[in-house]
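# Fold and geometry: a report
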Amino acid sequence: MEDIVQLRPEGLYCAAGDFYIDPWRPVACAVITHGHGDHARVGMGQYHTSSPGLPILQWRLQEQIFHPHSYGEPFTLGDAKISLHPAGHVLGSAQVRIEVHNATWVISGDYKRQADPTCDPFEVVPCDTFITESTFGLPVYRWPDTSEVAREIVQWRDQCAARGETAILYCYALGKAQRVLAELMAHTDKPVLLHGAIAAGVDIYRRAGIAMIETQLINEMSSKTGYEGELALAPPSAAGSAWLRRFRNPRHGFASGWMRVRGNRRRRNMDRGFVISDHADWPDLMRTIRDTGARRVIVTHGDTDVLVRALNDDGIFAEALTTQFAEDD
C-alpha cells in the first residue's frame, strides 16, 4: 500500500484525505500541529488545529477559516480518520494521528516529554509509522531539571543586582518565555520585565488560564534610570539592537537547549546560558520512538543521520526525510 503521508513541494501530504500537515506553501486544506512560524503559515484555504492552540493561530495568522478540534476527538477528511493528541511542545501543540484502511501513522510535530506547567503533557500514541522531529538528535543533548534551571536564573538576577546590572534573558517569544515565567513562580515573587514582542504571547497564555509570575511591559513603565537589579525577557532578535540602550549595565543570558553545548554560548556572546528546551532531548527521542511501537520511523528536521543510524542499530527501521521546518529552539 502506498504511504499514507508523502512529501510534496508544498509539504507533507495525505492523499487519502487530500490535506497537508504544516505545509510551507499555500494549499486548500491544512492540519496544523502548533503556532510556531515554521509550522503555521498564512495562505491556506482552511486550517484544522487543536482547540487549545486556536488562540495562538488567531493571533499569528489573523482572520482565517479555522476548524478547532478537542484532543483525541476523531474527525474525517476524505477517507482518512484523524485525531490530534498533545505534543507537550507549547500551548495547544499536537501530534497528528491518521488512520487509513487500518494502517496508522502519527506525525509528531515538535514535542517534548519534560513536565511543563504551560501546556498539556505529551501523549504516547501507538502507530505503525511514526514521523518524528530530531531537533536535538545527538547524544550530547540531555536536559536538566527545569525547576532547578529557573532557580539558577533567579540567582543570576540577584548576582547582577548586587553589581548594579540588569539581567537580560533572551528566549523565544512563543512557548519558551511563558514556560520560564511559569517556572519562576516557585523561586521568586519579583515581577519580570517584558520586551513588547513577548508581551502579546504572554497575554494569550494568561487568558488560557496559565499561571505565570507577574510581568510588566518595559515601554509602559514610568521613567527609570538603568533598570538595575531587574530581570527582563527579550526575544533573540533584541540582542545587539537599539532596544538595549535603555539599560545602563546589561548582562546577557540565553535560555535554549542549544546552551547545552558551551561553544554555542560563546558564539552568541552571552554571559550565561540556561539549558531549557521545548523539544525532546536524546534519551526522550529514543524512549518516545520505542513507546509508540512503530515498525517504521521517519526522521525530520535536525540531526537526522545520527538518530536514523542509532535506530537502525537498535533494530528499528528508520529513514530520514528532508523538510522545511526550522530548528525553532
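Residues numbered from 1 in each chain as written. Predicted model: local features only at pLDDT ≥ 70, side-chain atom pairs only at ≥ 80, totals over all residues. Heavy atoms only, no water.

## As for the nonpolar core
Across soluble globular proteins, you tend to see nonpolar side chains buried next to one another. What counts, and what does not: What we call a nonpolar core is a set of buried Ala, Val, Leu, Ile, Met, Phe, Trp, Tyr and Cys residues that are connected through their side-chain atoms within 4.5 Å. In this scheme, a residue with accessible area under 20% of its type's maximum is buried, one over 50% is exposed, and one in between is partly exposed, where area comes from a 1.4 Å probe on protein chains only. Labels follow the DSSP assignment, with helices taken as runs of H or I lasting at least four residues and strands as runs of E lasting at least two, numbered in each case from the N terminus. By definition, residues are in contact when any of their heavy atoms lie within 4.5 Å.
Formed by 34 residues in total, the largest nonpolar core has its most connected members in Ile153, Leu169, Leu181, Leu184, Tyr205, Leu231 and Leu233. Elements with a minimum of two residues in this core: helix H2 (146-162), strand E12 (166-170), helix H3 (176-184), strand E13 (192-194), helix H4 (196-207) and strand E15 (231-234). The biggest single contributor to this core is H2, with six residues. Excluding its chain neighbours within four sequence positions, the residues that come into contact with Leu181 are Val192, Leu194, Val202, Met212, Ile213, Thr215 and Leu233. Among the nonpolar cores identified, the runner-up in size contains 24 residues, and Val5, Ala80, Ile298 and Phe325 belong to it.

## Points about empty space enclosed by the protein
Our working rule: A 1.4 Å probe that fits into a set of points on a 1 Å grid over the protein atoms alone but cannot get out defines a cavity; an open set with protein on both sides within 12 Å along at least five of seven lines defines a pocket, and lining residues are those with an atom within 4 Å of a point. Grid points are joined across faces, edges and corners, and a volume is the space filled by probe spheres set on the points.
Counted according to the given criterion, the structure contains two cavities of 30 Å³ or more. There is about 60 Å³ of room inside the largest cavity. In terms of residue count, strand E11 (residues 129-134) provides more of the lining of the largest cavity than any other element does, three residues in total.

## A few points about the sheet that holds E12
Sheet strands pair via backbone hydrogen bonds, and the direction of the pair is either parallel or antiparallel. Heads up, the condition is: Pairs of strands are assigned from DSSP output, requiring at least two bridges between the strands. Only C-alpha atoms enter the line fits that serve as axes; for helices the fit covers just the stretch in contact. Angles between N-to-C directions range over 0 to 180 degrees.
Ordered in space as E14-E13-E15-E12-E16-E17, the six strands form an open sheet in which the pairing is parallel. Strands with a single pairing partner mark the edges of an open sheet, and in this sheet they are strand E14 (215-217) and strand E17 (272-274). For this sheet the average axis-to-axis angle between neighbouring strands, irrespective of direction, equals 30°. Inspection of the sheet shows E12 paired to strand E16 (residues 250-255) by five bridges, in the parallel sense.

Honestly, it's all geometry; don't read function into it.
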